[in-house]
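A closer look at the structure
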Amino acid sequence: MKRRWVRIVTPLAAVILLMVGTVIVHEIAEPDTAEAHYLSPQPASAQLPTSGGQLADLLRAKGINIKRETRSSDALVSTWGLKGQATLFIPAPEFVHEDYLWMLRQSPADTRVVLVEPNARQLHEAVPLLGVAGTRWATLATAPGQDCELTTAGVAGVTRTRYGAVPRAPARPHACYDSGLVSVQWREIEFVVAGSADPFRTDRMAEHDNQALAVDLLSAKPNLIWLDLHDLEPKPRTMSEDYPRPGDPVPSLQPGGERERPDASPRPRSSFTPDPVDEGFADGGSQPPSPFPTWLLPLMAMLLLAAIALAFARGRRLGPPVTEPLPIDVPGAETALGRSQLYRRAKARSAALETLRYDARLRLATALKTSTDRDPLLDALAARTGQPRDLLETVLFGPEPEDDSALQTRTTELLRLVQQVTRE
């Protein structure tokens with residue numbers, strides 16, 4: 001029973017260990033966006049794996065003027081001051097306060113805003129025309145597709161999160177890389193969302209055509225405002241507790257001061273419900289969304305693998321042993337020796353001992369003229385030999401042997417008991 005339990009648990013434990021190990025390795029491989037060097041343009045970080053220093057050097061060599069900002073307010077002021085001749089690069093939109101994301105809508109005409117893997121809430125604040133269509137566990141290398149206007153690069157690893165248009169969007173997005181790279185013109189501002197940070201990272205730029213893609217996205221304008229942000233920002237200050245009406249001052253762009261804008265628009269609603277994504281746009285067809293959760297298929301696959309592993313582990317024990325006649329006459333000694341060697345090779349101590357006990361019980365019952373049932377046989381043996389009934393029960397019906405030494409001890413006891421009874 002103990003060995004059978006081990007055979008059942010071992011494959012399941014191996015599958016669970018594989019799953020846990022995969023998750024741990026994945027988490028270790030994922031970059032920490034809170035690290036100071038993550039997609040940072042500083043020269044000191046150029047050789048760090050997840051930095052953006054190498055990309056910044058390539059852009060500077062191409063003549064792009066890069067200005068690094070560490071606060072969203074400063075990045076917006078710098079971008080607005082360039083009057084459409086700048087690209088605003090936001091590598092970690094999860095740290096940007098939602099009010100600043102909303103202010104992106106007020107950028108000057110012809111400005112390009114590049115967001116790296118924003119989620120549904122961040123898109124809703126910045127560019128509500130877009131939504132998240134799906135997210136993969138790992139980045140997929142895909143081709144740009146036909147008529148990709150954003151880049152001349154080839155296959156690149158930018159498709160992990162895929163994006164699509166929300167229903168009834170006033171402007172139609174342009175998608176590349178299987179919807180892993182999407183752009184949309186809204187309020188005369190070009191918003192570009194990238195579904196993975198891999199093309200911008202130093203350790204991934206050499207893969208596929210990632211480098212060319214990253215350079216193309218960030219060199220469309222002569223100036224690049226690079227928001228190097230790695231911590232959650234506080235809420236911007238306002239002149240009053242209530243958010244402004246159209247024409248009133250918008251939230252401050254620098255703590256303690258107010259910035260007047262005549263074209264201020266009201267703040268978006270505070271409650272958030274993700275808008276449904278136009279699956280037809282995201283998938284290139286009109287397929288309806290699946291009613292099943294995304295984790296169902298991987299779960300079923302893992303259960304199937306566990307069942308297959310369990311079947312292999314129990315492959316020798318799919319049914320009870322079957323007695324078959326030998327095809328030829330074989331001397332009894334050779335038959336006994338061959339069978340014992342098979343038992344030994346399989347470490348089937350319990351089966352070997354039970355075979356000996358079964359034969360011993362038959363011989364003892366014949367000599368004592370009783371049945372082979374436990375109680376009648378033990379009573380007759382105790383009366384004949386004078387030995388304790390518990391000892392006889394251990395010899396004839398006891399537990400499985402734990403090792404070869406215990407098997408040999410039980411075999412010797414059986415032999416002595418049979419010899420004692422049959423010789424009297």
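Residues numbered from 1 in each chain as written. Predicted model: local features only at pLDDT ≥ 70, side-chain atom pairs only at ≥ 80, totals over all residues. Heavy atoms only, no water.

**So, the packing of helix H10 (residues 349-368) against helix H12 (residues 389-397)**
Interhelical geometry of H10 versus H12 gives an angle of 125 degrees and a closest axis separation of 9 Å. The orientation of H10 relative to H12 falls into the category oblique. Here H10 contributes Arg357, Arg361 and Leu364 to the contact with H12, which in turn contributes Thr394, Val395, Leu396 and Phe397. (Axes fitted to C-alpha atoms, helices over the stretch in contact; angles between N-to-C directions. Helix = DSSP H or I, 4+ residues; strand = E, 2+ residues; numbered from the N terminus. Parallel < 35°, antiparallel > 145°, perpendicular 65-115°, else oblique. Contact = heavy atoms within 4.5 Å.)

**A closer look at the state of the cysteines**
Summed over all chains, the structure comprises one disulfide. Cysteine 148 shares a disulfide with cysteine 176; S-S distance 2.2 Å. On the sign convention where negative is left-handed, the bridge of cysteine 148 and cysteine 176, at about 105 degrees about the S-S bond, is right-handed. Linking cysteine 148 in the loop between strand E4 (130-142) and strand E5 (156-165) with cysteine 176 in strand E6 (residues 174-176), this pair joins segments that are 28 residues apart in sequence. (Disulfide = S-S within 2.5 Å.)

**Re the nonpolar core**
Counting 32 residues, the largest nonpolar core has Leu88, Ile90, Leu104, Val113, Val127 and Phe191 as its most contacted members. Only helix H3 (72-81), strand E2 (86-90), helix H4 (98-103), strand E3 (112-116), helix H5 (120-126), strand E7 (181-186), strand E8 (189-194) and strand E9 (223-227) provide two or more residues apiece to this core. With four residues, H4 is the largest single contributor of residues to this core. When near neighbours in sequence (up to four residues on either side) are disregarded, leucine 104 contacts Leu76, Leu88, Ile90, Val113, Leu115, Ala126, Ile189 and Phe191. Grouped together as the second largest cluster of nonpolar side chains are 30 residues, Ala56, Cys148, Leu213 and Leu224 included. (Core = buried A, V, L, I, M, F, W, Y, C linked by side-chain atoms within 4.5 Å. Buried < 20%, exposed > 50% of the residue type's maximum accessible area, 1.4 Å probe, protein only.)

**As for the sheet that holds E2**
The strand order across the open sheet formed by seven strands is E1-E9-E2-E3-E8-E7-E6, and the pairing between neighbours is mixed. Edge positions in the sheet fall to strand E1 (65-69) and E6, since each of these pairs with one other strand and no more. Ignoring strand direction, the axes of neighbouring strands in this sheet form an average angle of 20 degrees. Judged from the four bridges that link them, E2 and E9 form a sheet pairing that is parallel. Across the sheet, phenylalanine 89 pairs through a bridge with tryptophan 226, a residue of E9. Against the sheet, H3 contacts E1, E2 and E9, and its axis sits at roughly 170 degrees relative to E9. Where helix H6 (residues 210-218) meets the sheet, its contacts fall on E2, E3, E7, E8 and E9, and the angle it forms with E3 comes to roughly 140 degrees. (Pairing = 2+ DSSP bridges.)

**Remarks on the pairing of E2**
Most of E2 is tucked away: five of the five residues are buried. Neither face of E2 is left uncovered, since the one carrying Ala86, Leu88 and Ile90 and the one carrying Thr87 and Phe89 both have all their residues buried. As paired elements, E2 and E3 share four bridges and run parallel to each other. Note on E3: the bridge partner recorded for isoleucine 90 is leucine 115. In this fold, the crossover linking E2 to E3 by way of H4 has right-handed handedness. (Right-handed = clockwise from strand over helix to strand, strands pointing away.)

**Here's the deal with helix H2 (residues 53-61)**
Turning to H2, its buried residues are Gly53, Leu55, Ala56 and Leu59. Within H2, the buried residues cover an arc of 160 degrees as seen down the axis, which keeps them to one side. Glycine 63 lies just past H2 and shows a positive phi near 90 degrees. (Arc of directions from axis to C-beta.)

**Re the pattern of salt bridges**
Throughout the structure, instances matching the rule amount to 18 salt bridges. A salt bridge links glutamate 190 to arginine 112; the nearest nitrogen and oxygen atoms lie 2.9 Å apart. Taken together, the residues glutamate 190 in strand E8 and arginine 112 in strand E3 connect sequence positions 78 residues apart. On the basis of relative accessible area, glutamate 190 is assigned to the buried category, the value being 15%. Exposure remark for arginine 112: the relative accessible area of 6% places this residue in the buried category. Among the ionic pairs, aspartate 404 bridges to arginine 349, the shortest N-O distance being 2.9 Å. Placement of the pair is aspartate 404 in helix H13 (residues 404-423) and arginine 349 in helix H10, with a sequence separation of 55 residues. (Salt bridge = Lys/Arg side-chain N within 4 Å of Asp/Glu carboxyl O.)

**Considering the packing of H10 against helix H11 (residues 374-385)**
Their axes nearest at 10 Å, the elements H10 and H11 cross at an angle of 65 degrees. Read as a crossing pair, H10 and H11 show a hand that is left-handed. Across the interface between the two elements, Arg361, Leu364, Ala365, Ala367 and Leu368 of H10 pack against Leu377, Ala380, Leu381 and Arg384 of H11. Its residues assigned to classes, the contact of H10 with H11 comprises seven nonpolar, no polar and two charged. (Left-handed = near helix turned anticlockwise from the far one by under 90°. Nonpolar A, V, L, I, M, F, W, Y, C, P; charged D, E, K, R; others polar.)

**Overview of the packing of aromatic side chains**
Applying the stated criterion across every chain yields a total of three aromatic pairs. Geometrically, the ring pair formed by phenylalanine 89 and phenylalanine 200 is tilted, given 5.1 Å between the ring centres and 40 degrees between the ring planes. With phenylalanine 89 in strand E2 and phenylalanine 200 in the loop between E8 and H6, the pair connects residues that are 111 residues apart, well separated along the chain. The burial state of phenylalanine 89 is the same as that of phenylalanine 200; both residues are buried. (Phe/Tyr/Trp six-rings, centres within 6.5 Å; stacked < 30°, edge-to-face > 60°.)

**Describing a nonpolar patch on the surface**
Together, Leu304, Leu305, Ile308 and Phe312 give the surface a local cluster of nonpolar side chains, amounting to about 450 Å² of exposed area. Assignment of secondary structure puts leucine 304 in helix H8 (residues 296-313). (Patch = residues over 30% accessible without salt bridge, like charges linked within 9 Å, V, L, I, M, F, W, Y side chains within 5 Å. Areas by Shrake-Rupley, 256 points an atom, 1.4 Å probe, with all protein chains shown as cover.)

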